[in-house]
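Structure assessment
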Amino acid sequence: ATAAVKTKACLALDTGGVDDKSFNASSWAGAVKVKSSSISVEYLPAASSADFAGNIKKFVDNKCTIIIGVGFAISGAIIASAKANPTISYAVVDDGAYDCNADYSVCNPVANVKGLTFATQEAAFLAGYVAAGYSKTGIVATYGGAPYPTVTCFMSGYKQGVDYYNTVKKKSVKVLGWDGKNGEFIGDFQNTTKALATSKAFEQAGADVIMPVAGGLAAQTAQNSMTSKKSVTIWVDTDGYVSANQFKSVLLTSVMKGLGEAVGSVITDVSKGKFTNKSYVGTLANKGTKIATYHDLAKKVPSKIQNEVRAIAADIVAGKIKVSA
Amino acid sequence: MKNKQVVSALAKKRTRNLVIMAVLNVVSFILFAYLPGKSQNVTFNFVLGDEWVIIHSWIIGSKFGAYCFSGLAVVFLGVAFLRARQGKKLGASALAYALSIFIAFMCWAAAGAAISVTGLLQGGLFLAIPLVFGSLSGLICERSGVINIAIEGQLLAGAFAAGVVGSLTQNAWAGLLVAPLAGALISLLLATFAIKYAVDQVILGFVINVLVIGLTSFASQRVLTTDSATWNSSPIFSTIQIPVLSKIPLIGPIFFSQTIIVYMLYVIVAVIQLSLFKSKWGLRMRAVGELPVAAESVGIDVNKVRFRNVLIAGLVAGLGGAFFTVGSSGAFSRQMTAGMGFIALAALIFGKWTPLGAVAAALLFGFADQLRTVLSITGTPIPSEFMVMVPYIVTIIAVSGFVGKVRAPASDGIPYKRGGSH
Amino acid sequence: MNVKSIARKAILPSIAFALALFVGGLVIGLTDSRVLSKISSPISFIKIFASTVGNAYLALFQGAIFDPNLAEGHSFLTGFYPLSQTVVNAAPLMLCGLSVAIAFKAGLFNIGAQGQFILGAIGASYVGFHFKLPIVVHILIAIFAAIVLSALWGGFVGLLKAKTGAHEVIVTIMLNYIAANFLLWLLGTSAFLRPGRLDPLAPPIAESARLLRLFGQNYSVNVGIFISVFVAFLFWLLINRSTWGFKTRAVGANSSAAKTAGISVQKITVGTMLIAGGLSGLAGAIHVLGFQYELTADVAGSFGFDAITVALLGRGGPVGVVLASLLFAGLRVGGSTMQANVQVPVEIVLVIQALVVLFIAAPGLITRYLKIKNLESGQEMASKGWNG
Amino acid sequence: MSLELQGITKRFGGLVANDAIDFAVADGEIHAILGENGAGKSTLMNIVYGLLQPDAGTISVDGKELTIHSPLDSLAAGIGMVHQHFMLIPVFTVAENIVLGHEKTGLFGKLDLATAREEILRISQEFNFDVNPDAIVEDLPVGIQQRVEIIRALIYDAKVLILDEPTAVLTPQETDELLNNLKKLRESGRAIVFISHKLREVKAIADKITIIRRGKVVGMASPSSEQSELASLMVGREVDLKVDKEPAKIGREVLKVSHLTIQDHTGRTLVNNISFHVNAGEVLAIAGVQGNGQSEVAEAMLGLRDHVAGSVLVDEQEIIGKKVVDCLELGIAYVPESRELDGLISTFSIAENLILDTHTSAPYAKFGRYFPDAVKKVALERVAEFDIRAQSVADSASSLSGGNKQKVVLARELSRPVKLVIISQPTRGLDVGSIEFVHERIVTERNDGKAVLLFSTELDEVYALADRIAIMFKGEIIAIAEPTISREELGLFMAGVSSQKGVSA
Ligand SMILES: Nc1ncnc2c1ncn2[C@@H]1O[C@H](COP(=O)(O)OP(=O)(O)OP(=O)(O)O)[C@@H](O)[C@H]1O
Ligand SMILES: Nc1ncnc2c1ncn2[C@@H]1O[C@H](COP(=O)(O)OP(=O)(O)OP(=O)(O)O)[C@@H](O)[C@H]1O
Ligand SMILES: [Mg+2]
Ligand SMILES: [Mg+2]
């Protein structure tokens, strides 16, 4: 047996930084997890999208064996670099990484780039169903940080889940904050005051379940749920019960996005020499996205609902239920 | 030979405003009342908690309501017109007009939905709190003759200090205690450079903001996030229900079930309003802000007064900063003041450099912002990105002399040199 | 303006920069856990303190100018890749800096470079990806579109100020927020979406609209830097060798005397803000056409804000702005390397920038404590208070 | 109580404003300080009052030497001052202004104005001042504002009262009243320092006269001494303020103002429906106490004001509604009231200031290009012609002395081809040398057949230059008179008493 090939995994982060309590953070966490004697990991932050190309270039010069761009925004720079350096493996988080021609009539995967995307709407669908089933007031809510597809797909799946609940149960649970194309957005991922005011406003409008899709701002909503006791919160990206344990008493469930795992597995693939450019889509089926258990609130969620959710999950996996982004 | 009658700027402005009002009225008739297809019910709720008297929610047909209140607006417009004819101020009539138009607008915007009026006002106040603190800080500085663009920085510093100390001690009060000091520290910088070194105050304020944003963001990345359990998870103040008052319908839940910081705010507003015009402190503050050399000629040490007041302003803004962390969210996050310092500045100008004016303006901005939220969660056709712009647009309109030509204190921003020739 | 006078002008900024680096070093050192752990034993404390700060600034240098690691194996010159990045970022920064500076000449404080930059980027990129045009023509039209859009955006501020007296500081700050949200909305509209995609990411700029790169594809340095420096020269001409410049300086120095002399303060105010807007817009164009190649939500980065410190450090003059923009671009670019290599957050760059400007604005401070005589005062630039 | 100064010296950079000045005033005595503008009078008194710190010298009260760091010390020592530039906060009420610095506070630190009100009323009774304690100062005419300053000094019972050019803003009648009041105060045993450069008044009231020139005491004189004697002491050479001008050769009507009305932006009427005309070759002087609308009229002549109605014709051309630049084009030379604020750009070079309003025309400019060399060349000629004292035309205007600043403005305005010269307070703050120069210049323009509209609050100046005198009061022209009109009559007009003979408008 020959010594394992030394793998050097390098993450080019999106703006927002490694501590964004969101996709940058979980991608980096995933990389760190698989760190080993034969695998080294490092990252570069970006102050703005102007840094992307430069960061990737640094990695190329530093002889990285796999370069992972985090966020759809960096995709272009990754593809450009990949075509210039065919010997290096690349991956992009939250983007299919297709190389299109001028008028986007033909788009092809690039030989050495793997796209990592997530059908989070599928898990969000389940969360929506749970929320609808849990809600006493018949009103549930969601809001986003900014109207990015990676944000809105959560909200969209959530709404579809509620609508599905309404059709099967002949109920009319209302969703605030997302009507299918428009919704409530804070405008950034910093303004805690506004996030808090928004959460309060949702409660005053009668919502008793709120799903914030706004990175760090989610803490404000959970915080508010704790103080007001008028609502519960659905966490996203990670299992809030673990990552934000101080709020455990008000976390109904979490819509988990397997970013870390995906990033980790790409890196291990490379170290095992099994890297392919076959793009990865995290789904309920491959557990790339899922909802967390109800933890402390388990007894508050009717077991009937819990079972139905399992069934629906199966249907989505089987393709009986289609969930659009 | 011609001899046209002069029209003063005031008269011009009045006629202009009347025209605008009339146009708005037509718009409200057409857009809010006539155009909408079928009429849906609008529900206005006034109850939030367990007030004594439960005001029944008020349900009205959207089209009907829009017609009624647009009509009512016409009446007030008439009154305003008559007053203008007599060269009187539009004052109350304009206010009543605006209110009617607003209700007509709400009937249209919230058609088929339920609006919690109390909640709307409560939320508005909530968003206004940092603005009020900020604008009062600006007021004290500028009435003393020092322009304060650094409000943002003062708020941010206060938020940071309160968050960290509150977290380290696991005691919100400790945080509340240091926040003003942090604000004052920033003021110390402002005062030293503005008064001692006579640096251009607008530039100075801007640069101080950059400095504070840099320092707090740096520290929060390098220290807070490394171990947020110790450094960045402060307990927060719980709301205090004032025994009797908090049960008053409408008023109670809005004003009397708040955190200690808000109650402090009430006191501060009252104190500043009174003392600005009725105390030695206020008299001297205004004197050094208007004609410092005259103040000096009666033995007042102008720069000492200015220096002290700038520090006091820092205390006020710093306290306001505490609202962001120990007052609401518990944890500090980068640039969490999100430009509120600048809106506070606009509120100060909009409020014509008077405490009550600034407070009113701040409340208006807060209200506009909350209204945005409330409407967009009940669902409006307007894209959210535009809804987000609302407070900024309101601010621009506000400072565009819409409230009449505002005059800053005469020596605002002009450094004072002893024995300088006048 | 001869070499000697420039040299004399440079004394104060240099000292200020050195001081800023020093204070920045303190901040870096005293927030480092490893350093603090040694607080008990002075000697080792000093040692580790020095090494920490030293490494940080070394990384800064490597990220901004020259990195030996890149050179090894290749030619010596390849080690200057970071410098090329600095230059690329300096170009738009320079133009934004000039935008702020020209406003200062007329006594206006233009905090709106950020928003104007965004409008320019929008115009340039739309023309850049939407139309099919021959090279050069395409570039010219794209730049033209950028300048028109941003000039109007900036001119609006001037108009408000002239007609209603709305203070430019407040208005430009608000317009920055509005521009950012407008861009976000735009990126969601079909006109700016990539076919079959939903991300807020406009289609890439057509090859025909991209600015020529100077040292091949590996180095993104492009003609943008020449354009910027040339514009700096035009700036000097406009201010010192044109009647418009004379009027501008007059209004900036004493508007009531200017008015009495028959100069229309309103016209100058509006005109200056038009030009200022156009300059920032040109910056946006050069950034997307020469480097970014696509319109993103944060396309403006922090160019517009850094520009203000650039203008202040550059003392409002073209030469100063050119040099200052290179310096701050270097800090920015080096900053992210510093964060990557030694985990010192890039925000320290903001601190250094602010400190430099503070020390410059208060020459009294330096002259007093460093006993340096006959410095050029740092106060060429003054904005007008609310009543002005 | 007596005040004594010894060897007071004060330097402003290179300029010695006070040079080892000795001065003393005893109680029950009025001691006048006579000196032309810029002699150092205010500087000296500001030192006594603590607003400026002397570089050398001692101040002693009742023989006790005391160090005065700030007005606090002087006030404590019983020194009160009525300043040349009033030290009143415009937006404060009279009472607020009086208590400022000596505030008494009641419950919860509430400001106590009541006692101040009583005091104010008491004193204005005593001197029949009729001052309303609750009036806002900026609404009061300057005469009353001055009384407020006197009241303030008296309330903090000043034993030594300093008045710095108190009569500059008063009508002759008001001046007489003031002088009488000062006599009263003298009776009450106060020591009074009376500063002026108006010989008549000084002779009328002073017990002793000290004359200073260029910061030095050049001698003492008794009130009985001849005016000419005082004048030559003051100026340092023989002077006669008579400008010899041949009778006017009246030409066509150049300026015709009819029914001119001006309001401020709040709609307050500042100038009310006035009409007058100026012919080529004559000087029409508009006299009046400052603040009666003259400044507004002057500005309106150049289109500098909004909210103007009526008609202003220059050679049959309406200028109301015209842009400033077009008015200048029409051939109007305009010398503003304040050279510092409106006449010059202090940071600009002297050369640039010399072409402020002609910078777009040849040879300075062509197709928008600007040629500094041409500017410099022309500047050198102007400096020679108007004998402007400056090291270099590249120096900034701020480096110039008052008189030379004024010369720069004149040089700029009078070097253009103009038919109408509008000139406000042309000699304010100038020394006699400059005054003579400026007056001669004005007369030359008149003789060249230009129409000259002169705004002046200095009666001497008006009499010296005017061919006709229009008197403004409260925004109206209440009379247009011949220069033969007596001071008394003129004074009554300035005080608004129009019920009398004289060519009423
Ligand atoms: N703060 C100052 N800095 C520099 N020079 C000054 C200052 N104040 C006064 N001067 C100069 O000192 C000289 C004396 O000024 P001062 O005001 O005492 O003269 P004055 O006798 O009061 O003249 P006026 O009759 O105009 O009041 C003048 O040349 C004046 O320009
Ligand atoms: N306020 C001031 N600040 C600084 N320097 C001043 C000031 N006033 C006067 N000076 C300086 O003092 C000198 C004398 O000024 P001043 O106005 O007294 O001249 P002057 O004696 O009145 O002569 P002139 O007849 O030209 O008015 C000038 O050179 C001027 O530079
Ligand atoms: Mg004087
Ligand atoms: Mg003088």
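Not measured: the values here are computed from a predicted model. (Residues numbered from 1 in each chain as written. Chains lettered and ligands numbered in written order. Predicted model: local features only at pLDDT ≥ 70, side-chain atom pairs only at ≥ 80, totals over all residues. Heavy atoms only, no water.)

Here we look at the overall build of chain D
When helices and strands are counted, chain D shows 17 helices and 22 strands. Expected size for 505 residues packed as a compact globule is a radius of gyration near 23 Å; at 24 Å, chain D falls within 12% of this value. For chain D, the C-alpha atoms occupy an extent of roughly 70 × 55 × 50 Å along the three principal directions. Expressed as a percentage of the 505 residues in chain D, the buried residues total 58%. Considering only residue pairs separated by 6 or more positions, chain D has 66% of its internal contacts joining residues 24 or more positions apart. (Helix = DSSP H or I, 4+ residues; strand = E, 2+ residues; numbered from the N terminus. Rg over C-alpha atoms; globule rule 2.2 N^0.38 Å. Buried < 20%, exposed > 50% of the residue type's maximum accessible area, 1.4 Å probe, protein only. Contact = heavy atoms within 4.5 Å.)

Description of the interface of chain D and chain B
Chain D puts 45 residues into the contact, and the matching count from chain B is 34 residues. With both sides pooled, the region where chain D packs onto chain B buries about 3000 Å², and carbon together with sulfur makes up 65% of that total. At the boundary of chain D and chain B, one finds 2 salt bridges. Its salt-bridge partner being E103 of chain D, residue R284 of chain B comes within 2.8 Å of it at the nearest N-O pair. Scanning the region where chain D abuts chain B turns up 5 residue pairs in polar contact (both at pLDDT 80 or more). (Buried area = accessible area lost by both parts, 1.4 Å probe. Salt bridge = Lys/Arg side-chain N within 4 Å of Asp/Glu carboxyl O. Polar contact = N/O pair within 3.5 Å; in protein donor to acceptor, adjacent residues only side chain to side chain.)

Comments concerning the sheet that holds strand β22 (residues 476-481) of chain D
Residues and elements named next belong to chain D. The strand order across the open sheet formed by 6 strands is β16-β19-β20-β13-β21-β22, and the pairing between neighbours is mixed. Edge strands, defined here as strands with exactly one partner in the open sheet, are β16 (332-335) and β22. Within this sheet the neighbouring strands show an average axis-to-axis angle of 15°, counted without direction. The pairing of strand β19 (residues 420-424) with strand β20 (residues 451-455) spans 5 bridges and is classified as parallel. Each bridged residue has a counterpart across the sheet, and for I423 the counterpart in β20 is L454. (Pairing = 2+ DSSP bridges. Axes fitted to C-alpha atoms, helices over the stretch in contact; angles between N-to-C directions.)

Some points on the interface of chain B and chain C
Accessible area lost upon the coming together of the parts serves often as the stated size of an interface. If you look at the interface, chain B gives 52 residues, while chain C gives 52 residues. Where chain B abuts chain C, roughly 4300 Å² becomes buried across the two surfaces, and 75% of that area is made up of carbon and sulfur atoms. When the buried surface of chain B facing chain C is broken down by residue, F206, F218 and R222 of chain B rank first, second and third, together holding 16% of it. The tally of links from chain B across to chain C stands at 2 salt bridges. A salt bridge links D32 of chain C to R222 of chain B; the shortest N-O distance between them is 3.0 Å. Contributing elements (two or more residues each) for the side of chain B that touches chain C: α6 (172-196), α7 (201-222), α14 (340-350) and α16 (384-402) of chain B. With 14 residues, α7 of chain B is the largest single contributor of residues to the side of chain B that touches chain C.

Thoughts on the nonpolar core
Residues L289 of chain C together with L182 of chain D are the most contacted members of the largest nonpolar core, which totals 375 residues. Excluding residues that lie within four positions of it along the chain, L289 of chain C makes contacts with A124, I139, A142, I143, I205, A209, R210 and L211 of chain C. With 42 residues, the next largest nonpolar core counts A123, V175, A313 and I316 of chain A among its residues. (Core = buried A, V, L, I, M, F, W, Y, C linked by side-chain atoms within 4.5 Å.)

With respect to the packing of aromatic side chains
On inspection of all chains with the given rule, the structure shows 47 aromatic pairs over all chains. The interplanar angle of 90° and the centroid separation of 6.3 Å between the aromatic rings of W178 of chain A and F185 of chain A together place this pair among those described as edge-to-face. Each member of the pair W178 of chain A and F185 of chain A is classed as buried. A connected cluster of aromatic rings, assembled from ring pairs, spans F32, F102, F105, W108 and F367 of chain B. The aromatic ring of F126 of chain B is capped on one face by K200 of chain A, whose charged end is 4.9 Å from the ring centroid. Directly above the ring of F348 of chain D sits R249 of chain C, whose terminal nitrogen or CZ lies 5.3 Å from the centroid. (Phe/Tyr/Trp six-rings, centres within 6.5 Å; stacked < 30°, edge-to-face > 60°. Lys NZ or Arg CZ within 6 Å of the ring centre and 35° of its normal.)

Brief notes about the domain arrangement of chain B
When its domains are assigned, chain B resolves into domain 1 (2-112) and domain 2 (124-385). Taken over C-alpha atoms, the centre of domain 1 of chain B sits 33 Å from the centre of domain 2 of chain B. (Domains from an automatic or database assignment.)

What about the pattern of salt bridges?
Side chains that differ in sign of charge can pair as their charged atoms come close. According to the stated counting rule, one finds 54 salt bridges over all chains in the structure shown. For R305 of chain D, the salt bridge is made with E299 of chain D, and the minimal N-O distance between the two is 2.9 Å. Judged by its relative accessible area of 25%, R305 of chain D is partly exposed. Judged by relative accessible area, E299 of chain D falls into the partly exposed class, the value being 24%. Each of the salt bridges in this network shares a partner with another, and the network as a whole consists of E184 and K194 of chain A together with D369 and R372 of chain B.

Some details on the state of the cysteines
Residues and elements named next belong to chain A. Tallying each qualifying case throughout the model produces 2 disulfides over all chains. What pairs with C10 in a disulfide is C64, and their sulfur atoms sit 2.0 Å apart. Note on the C10 and C64 pair: the S-S dihedral is about -85°, so by sign convention the disulfide is left-handed. Here C10, found in strand β1 (residues 7-12), pairs with C64, found in the loop between α2 (51-61) and β3 (66-70); they are 54 residues apart in sequence, far enough to count as distant. The exposure class of C64 is buried, given its relative accessible area of 3%. Paired by a disulfide, C100 and C107 hold their sulfur atoms 1.9 Å apart. Taking the torsion about the sulfur-sulfur bond, which here is approximately 110°, the covalent link between C100 and C107 counts as right-handed. (Disulfide = S-S within 2.5 Å.)

What about the site of ligand 1?
Residues and elements named next belong to chain D. Near ligand 1 there are 15 residues, and of these G38, K41, S42, T43 and E165 occur at the shortest range. Between A39 and ligand 1, the recorded distance is 3.2 Å, taken from a backbone N or O atom to an oxygen atom. Within the side chain of Q84, a nitrogen or oxygen atom sits 2.9 Å from an oxygen atom of ligand 1. A total of 630 Å² of accessible area belongs to ligand 1 in isolation, and the protein chains cover 71% of it. Every element with two or more residues in the shell around ligand 1 is listed here: β2 (15-25) and α1 (41-49). Per-element tally for the shell around ligand 1: the top contributor is α1, with 3 residues. Class assignment for the residues of the shell around ligand 1 results in 4 nonpolar, 8 polar and 3 charged. (Near = heavy atom within 4 Å. Areas by Shrake-Rupley, 256 points an atom, 1.4 Å probe, with all protein chains shown as cover. Nonpolar A, V, L, I, M, F, W, Y, C, P; charged D, E, K, R; others polar.)

Re a nonpolar patch on the surface
All names here are of chain B. The grouping of V19, V23, V26, V27, I30, L31, Y34, L35 and Y67 at the surface amounts to a nonpolar patch, some 810 Å² of accessible area in total. Summarising the element assignment, L35 is placed in the loop between α1 (9-34) and β1 (41-45). On the basis of relative accessibility, which here comes to 52%, the residue L35 falls in the exposed class. (Patch = residues over 30% accessible without salt bridge, like charges linked within 9 Å, V, L, I, M, F, W, Y side chains within 5 Å.)

Observations concerning the coordination of the magnesium ion (ligand 3)
In this structure, S42 of chain D (OG) and Q84 of chain D (OE1) serve as the protein donors to the magnesium ion (ligand 3), at separations of 1.8 to 2.1 Å. Taken as a pair, S42 of chain D in helix α1 and Q84 of chain D in the loop between β6 (79-82) and α3 (94-99) lie far apart in primary sequence, 42 residues in all. (Donors = N, O, S within 2.8 Å, 3.2 Å for Na, K, Ca; no water.)

Details of the pairing of β3 of chain A
Residues and elements named next belong to chain A. By the criterion of burial, β3 is predominantly enclosed, with 5 of the 5 residues buried. Sheet topology places β1 next to β3; 4 bridges connect them, and they run parallel. The residue bridging A9 from the neighbouring strand is I66, located in β3. As paired elements, β3 and strand β4 (residues 89-93) share 5 bridges and run parallel to each other. If you follow G69 over to β4, its bridge partner there is V92.

With respect to the sheet that holds strand β10 (residues 216-221) of chain D
Residue and element names in this part refer to chain D. Taken in spatial order, the 6 strands of this open sheet run β6-β7-β8-β3-β9-β10, and their pairing is mixed. Two strands bound the open sheet, and with one partner strand each, they are β6 and β10. Each strand axis lies, on average, 20° off the axis of its neighbour in the sheet, ignoring direction. In terms of strand pairing, strand β3 (residues 29-34) meets strand β8 (residues 191-196) through 6 bridges, oriented parallel. Note on β8: the bridge partner recorded for A32 is F194. Set on the sheet, α1 makes contact with β3, β6, β7 (160-164), β8 and β9 (208-213); between it and β6 the angle comes to about 145°.

Considering the side chain of T269 of chain C
Residue and element names in this part refer to chain C. For T269, the location among the structural elements is in helix α12 (residues 265-292). Since its relative accessible area comes to 8%, T269 is described here as buried. With near-sequence residues (within four places) excluded, T269 lies in contact with L108, G158 and K161.

Focus on the domain arrangement of chain D
Taken domain by domain, chain D consists of domain 1 (3-235), domain 2 (248-331 + 420-505) and domain 3 (341-416). Relative placement of domain 1 of chain D and domain 3 of chain D: their C-alpha centres are 38 Å apart.

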